[in-house]
Amino acid sequence: MPLSKCTRLVLFVFGTGRSLVLWSCLISFMFLIGCGTLDLTKEHTGPAPICDIHKCEMHPERISVGGEIVYMGNYWEICRTQFPHHGGNRYHGETEKTPYGRNVIDYVCPECDKAYHLYWKNTQKVNTEKEK
Ligand SMILES: [Zn+2]
């Protein structure tokens, strides 16, 4: 039975529309599963955790994760011993809890965060002086 032009047009638009909805659902689902923010604090119960280095209370914050750490010299050692709970950008695998390519919500220590920013400020200053 031949379909009228109008019926074909309706089927085409409806079909395309439905596939667009399916595609956007699929893309949203992949985004949620693949690169959504991972909440590392959700398992925690009880009072706010204390920073093992600075002995102060930590609070949950959203932290971006990205970049490789290969050319960072002794950054790993400095980070782990001086500011392990900073709230700045975290490199892939910076901690054993840091996932690859997914931002996290994790506890941040205000003193670690200060030390982290001071480290980068001083590193930039040293690099700028080297360039002169
Ligand atoms: Zn700290």
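The coordinates are above.
Structure report, in brief. Source: prediction; values computed, not measured.

The next point concerns the overall build of the protein chain. Counting secondary structure elements, the protein chain contains 3 helices and 3 strands. By the burial criterion, 13% of the 132 residues in the protein chain qualify as buried. Sequence-distant contacts in the protein chain: of pairs separated by 6 or more residues, those separated by 24 or more amount to 75%.

Examined bridge by bridge, strand 1 (residues 38–39) and strand 3 (residues 104–108) share 2 bridges and lie parallel to one another. For Asp 39, the partnering residue across the bridge sits in strand 3 and is Ile 105. Across 5 bridges, the pairing between strand 2 (residues 59–63) and strand 3 is antiparallel. Along strand 3, the bridge assignment pairs Ile 63 with Val 104.

Core analysis: the biggest nonpolar cluster contains 8 residues, these being Met 58, Cys 79, Phe 83, Tyr 107, Cys 109, Cys 112, Ala 115 and Tyr 116. The biggest single contributor to this core is helix 3 (residues 110–131), with 3 residues. When near neighbours in sequence (up to four residues on either side) are disregarded, Met 58 contacts Ala 48, Pro 49, Ile 50, Cys 51, His 85, Tyr 107, Val 108 and Cys 109.

Taking 1.5 Å of rise per residue, the 22 residues of helix 3 would be expected to cover 32 Å, and the 32 Å separating its terminal C-alpha atoms lies within 8% of that figure. Listing the buried residues of helix 3 in full gives Cys 112, Ala 115 and Tyr 116. The buried residues of helix 3 occupy an angular sector of 105° when projected down its axis, which confines them to one face. Away from the buried face of helix 3 by more than 90 degrees, exposed residues Leu 118, Lys 121, Gln 124, Lys 125, Thr 128 and Glu 129 are located. Where helix 3 is buried, its residues contact helix 2 (75–82).

Let us look at the sheet that holds strand 1. With mixed pairing, 3 strands are arranged side by side in an open sheet as 1-3-2. Every interior strand has two partners, whereas the edge strands, strand 1 and strand 2, have only one.

Once that is clear, we can look at unusual backbone geometry. Backbone geometry follows two general trends: most residues other than glycine have a negative phi, and most peptide bonds adopt the trans configuration. A positive phi is found at Lys 55, a non-glycine position, where the angle reads about 55°. With respect to the element layout, Lys 55 can be found in the loop between strand 1 and strand 2.

Cut-offs and rules
Residues numbered from 1 in each chain as written. Predicted model: local features only at pLDDT ≥ 70, side-chain atom pairs only at ≥ 80, totals over all residues. Helix = DSSP H or I, 4+ residues; strand = E, 2+ residues; numbered from the N terminus. Buried ≥ 20, exposed ≤ 12 C-beta atoms within 10 Å, placed from the backbone. Contact = placed C-beta atoms within 7 Å. Pairing = 2+ DSSP bridges. Core = buried A, V, L, I, M, F, W, Y, C linked by C-beta atoms within 7 Å. Expected span 1.5 Å × (residues − 1). Arc of directions from axis to C-beta.

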